[in-house]
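In case you want the letters, here they are:
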Amino acid sequence: MVLLPYAPSSVAVARQRLSTDLQENGVFSTAIDDAVLVVSELLSNALRHAHPLPSGMVRVAWLRSDDHIEVAVSDGGAATEPRAGRPTLSSLGGRGLGIVEYVAESWGVRHDGETTTVWAILPAPAQSMNGQVAALREAG
């Protein structure tokens, strides 16, 4: 978990920290890319639509289980509930949670007092499952 300033520059920091942590834990690069994309979308939405936490920060957290990763962004809430939009082709925005919905196995919103957390669960297999994946990579 990291607390980051309520600022656009925090998106790059969150992406880098998540990517490094997952690489060090042997997660497939495609799963890392998906997790980083989802964190970017969730954090960008928090910065665009919500208030910071009372500390003036936003919280980014992730938890890796055997074959999944849960990513979550917590903020101070907004006037509206986060939901996937259905933008027109010419719309300049509104695709963030639609992307999350497409990439993640599930996602949702939790409320705890003044804190709103948007979370997503993604598949994140390790690079080697009983040696099968590593062998396929070497053969390819």
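Structure: see above.
Values in this document were obtained by computation on a predicted structure and should not be read as measured data.

Novice: Sorry if this is basic, but what is going on with the environment of L18 here?
Specialist: By the secondary structure assignment, L18 is in helix α1 (residues 9-24). For the pair L18 and I32, spaced 14 residues apart in sequence, the C-alpha to C-alpha distance is 8.1 Å. Ignoring any residue separated from it by four or fewer positions in sequence, one finds L18 in contact with A35, V36, V39, W62, I69 and V71.

Novice: Sorry if this is basic, but what is going on with the side chain of S19 here?
Specialist: In this fold, S19 is placed in helix α1. On the basis of relative accessibility, which here comes to 15%, the residue S19 falls in the buried class. Residues in contact with S19, not counting those within four places in the same chain, are I32 and V36.

Novice: Quick question: what am I supposed to make of the pairing of strand β3 (residues 68-75) here?
Specialist: Every other side chain in a regular strand lies on the same face of the sheet, so the side chains alternate between the two faces. With six of eight residues buried, β3 is to be regarded as a mostly interior element. Bridging between strand β2 (residues 57-64) and β3 involves six bridges; their strand directions are antiparallel. Bridge pairing links R64 to I69 in β3. Where β2 folds back onto β3 in an antiparallel hairpin, the turn is made up of three residues. Inspection of the sheet shows β3 paired to strand β5 (residues 115-123) by eight bridges, in the antiparallel sense.

Rules of the game
Residues numbered from 1 in each chain as written. Predicted model: local features only at pLDDT ≥ 70, side-chain atom pairs only at ≥ 80, totals over all residues. Heavy atoms only, no water. Helix = DSSP H or I, 4+ residues; strand = E, 2+ residues; numbered from the N terminus. Contact = heavy atoms within 4.5 Å. Buried < 20%, exposed > 50% of the residue type's maximum accessible area, 1.4 Å probe, protein only. Pairing = 2+ DSSP bridges.

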